[in-house]
Amino acid sequence: AQSVTQLDSHVSVSEGTPVLLRCNYSSSYSPSLFWYVQHPNKGLQLLLKYTSAATLVKGINGFEAEFKKSETSFHLTKPSAHMSDAAEYFCVVSVSGGYNKLIFGAGTRLAVHP
Amino acid sequence: GAVVSQHPSRVICKSGTSVKIECRSLDFQATTMFWYRQFPKQSLMLMATSNEGSKATYEQGVEKDKFLINHASLTLSTLTVTSAHPEDSSFYICSAGAEYWGYEQYFGPGTRLTVT
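Structure report, in brief. Sequence order as written defines the numbering, with residues in each chain counted from 1. Both sets of labels track the order of writing: A upward for chains, 1 upward for ligands. Where local features are concerned, this predicted model is filtered to residues with pLDDT of at least 70; where side-chain atom pairs are given and counted, the filter is 80 or more; whole-chain, interface and lining totals use all residues. Each side-chain value is worked out from all heavy atoms of the structure, with water and hydrogens disregarded.

### A word on the overall build of chain B
Step number 1: Numbering goes from the N terminus for both helices and strands, where a helix is a DSSP run of H or I of at least four residues and a strand is a run of E of at least two. Helix and strand counts for chain B come out as zero helices and 11 strands.
Step number 2: What the globule rule says is 2.2 Å times the number of residues to the power 0.38, and the radius of gyration is computed from C-alpha atoms. For 116 residues, the compact-globule estimate of 2.2 N^0.38 gives 13 Å, and the C-alpha radius of gyration of chain B, at 13 Å, lies within 12% of that figure.
Step number 3: C-alpha extents for chain B along the principal axes are approximately 40 × 25 × 25 Å.
Step number 4: Each residue is placed in one exposure class: buried if its accessible area under a 1.4 Å probe, protein chains only, is under 20% of its type's maximum, exposed if it is over 50%, and partly exposed if it falls in between. Buried residues in chain B amount to 52% of all 116 residues.
Step number 5: Looking at chain B alone, contacts between residues at least 24 apart form 56% of all its contacts between residues at least 6 apart.
Step number 6: Accessible surface computed for chain B: about 5,700 Å², of which carbon and sulfur atoms make up 52%.
Step number 7: Residues counted as positive are Lys and Arg, residues counted as negative are Asp and Glu, and His and the chain ends are not counted. Where a charge lies is defined by one atom per residue type, namely NZ (Lys), CZ (Arg), CG (Asp) and CD (Glu). The centroid of the 10 positive side-chain charges in chain B is displaced by 9 Å from the centroid of its 10 negative side-chain charges. A contact between two residues is defined here by any heavy atoms of the two lying within 4.5 Å. Calculation of accessible area relied on Shrake-Rupley with a 1.4 Å probe; when residues are assessed, cover is drawn exclusively from the protein chains displayed.

### Section: the sheet that holds strand β3 (residues 19–25) of chain B
Residues and elements named next belong to chain B.
Step number 1: For two strands to count as paired, DSSP must find a minimum of two bridges between them. With antiparallel pairing, four strands are arranged side by side in an open sheet as β1-β3-β8-β7. Because the sheet does not close on itself, it has two edges, and the strands there are β1 (4–7) and β7 (67–73). When strand polarity is set aside, the average angle formed by the axes of neighbouring strands in this sheet is 15°.
Step number 2: Taken together, the four bridges between β1 and β3 define a ladder with antiparallel strand orientation. Counterpart to His-7 in the pairing with β3 is Glu-22. For helices, the fitted line uses only the C-alpha atoms of the stretch in contact; every axis is such a line through C-alpha atoms, and the angle between N-to-C directions lies from 0 to 180 degrees.

### A few points about the interface of chain B and chain A
Step number 1: Contact with chain B, which involves 22 residues of that partner, is made by 17 residues of chain A.
Step number 2: Basic side-chain nitrogens of Lys or Arg form a salt bridge, by our definition, when they fall within 4 Å of a carboxyl oxygen of Asp or Glu. Taken together, the connections running from chain B to chain A amount to zero salt bridges.
Step number 3: Two N or O atoms count as a polar contact when they lie within 3.5 Å, although within protein this holds only if one can serve as hydrogen donor and the other as acceptor, and sequence-adjacent residues are included solely when both atoms are side-chain atoms. Connecting chain B to chain A are two residue pairs in polar contact (both at pLDDT 80 or more).
Step number 4: Residue assignment for the side of chain B that touches chain A shows that the elements contributing at least two residues are β4 (32–38), β5 (44–51) and β9 (90–97) of chain B.
Step number 5: Residues are sorted three ways: Asp, Glu, Lys and Arg are charged, Ala, Val, Leu, Ile, Met, Phe, Trp, Tyr, Cys and Pro are nonpolar, and all the rest, Gly among them, are polar. Tallied by class, the residues present in the side of chain B that touches chain A amount to 10 nonpolar, eight polar and four charged.

### Looking at the nonpolar core
Step number 1: Of all hydrophobic cores here, the largest spans 27 residues; its most connected members are Phe-28 and Leu-113 of chain B.
Step number 2: Secondary structure elements with two or more residues in this core: β2 (10–13), β3, β4, β5, β7, β8 (76–81), β9 and β11 (111–115) of chain B.
Step number 3: Formed by 26 residues, the second largest nonpolar core is a distinct cluster that contains Tyr-50, Phe-74, Ala-87 and Tyr-89 of chain A. Only buried residues count toward a nonpolar core, which is a set of Ala, Val, Leu, Ile, Met, Phe, Trp, Tyr and Cys residues joined through side-chain atoms within 4.5 Å.

### Some details on the pattern of salt bridges
Step number 1: A complete count under the given rule lists six salt bridges over all chains for this structure.
Step number 2: Here Lys-78 of chain A and Asp-85 of chain A are joined by a salt bridge, their closest N and O atoms 2.8 Å apart.
Step number 3: The class for Asp-85 of chain A is buried, based on a relative accessible area of 4%.
Step number 4: A salt bridge links Arg-24 of chain B to Glu-22 of chain B, with the nearest nitrogen and oxygen atoms 3.4 Å apart.
Step number 5: Assessed through its relative accessible area of 33%, Arg-24 of chain B is described here as partly exposed.

### Some remarks on unusual backbone geometry
Step number 1: Cis geometry is adopted by the peptide bond preceding Pro-8 of chain B, which originates at His-7 of chain B and carries an omega value of 0°.
Step number 2: Summarising the element assignment, Pro-8 of chain B is placed in the loop between β1 and β2.
Step number 3: Look at Asn-61 of chain A: it is not a glycine, yet its phi comes out positive at around 60°.
Step number 4: Along the polypeptide, Asn-61 of chain A turns up in the loop between β7 (56–58) and β8 (64–68).
Step number 5: Backbone geometry places Thr-72 of chain A, a non-glycine residue, at a positive phi of 45°.
Step number 6: Of note, Thr-72 of chain A is situated in the loop between β8 and β9 (73–78).

It is worth stressing that arrangement in space is one thing and function is another; only the former is reported here.
Structure (structure tokens):
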């Protein structure tokens, strides 16, 4: 069965410093992995996705994630945090092929301080 | 492109009444729509998957008679919470997608339901 574990429920950084949000996955198959962001009272927005192409995936707003099969990880990073990055971030895994369930991690709340 | 709307954004209803939430794909035809539920400070849980013109597929533990889903057209799906109770209060989020867009799901902004 597929699952994702987000290792930190809260992450706090200062503006201009790097961001690291950690995610480990479990999958019997070659997974598709996603990071979504949810701002308060807004819909989820796709930041990036991995679908068995390049292991380093670049997304929107300067975010990127690296798929590491040996570590079953898909951590999200950004070199320099902005105040506008403060939001809830979800790591998501999907069973491969067609329309399959998206399984969401518990979420990581990112706070960015001036 | 790929805009999904939900209506209403917030609704308050009395216990025992029913409430309908609409999910619309505004600029594409969605062959499949999904309904999720999100409790405060928790993650999203898939409730059901619906394909246009066919019955929804509910996840284990979701009462199909309580959460009625209708996907009558390629741009509209509705979720009706019947005989609502306070424990049904939650944030309901829909997503929509199409095969020709690589099965990616596009999420609506969500509907906050409060049952008093």
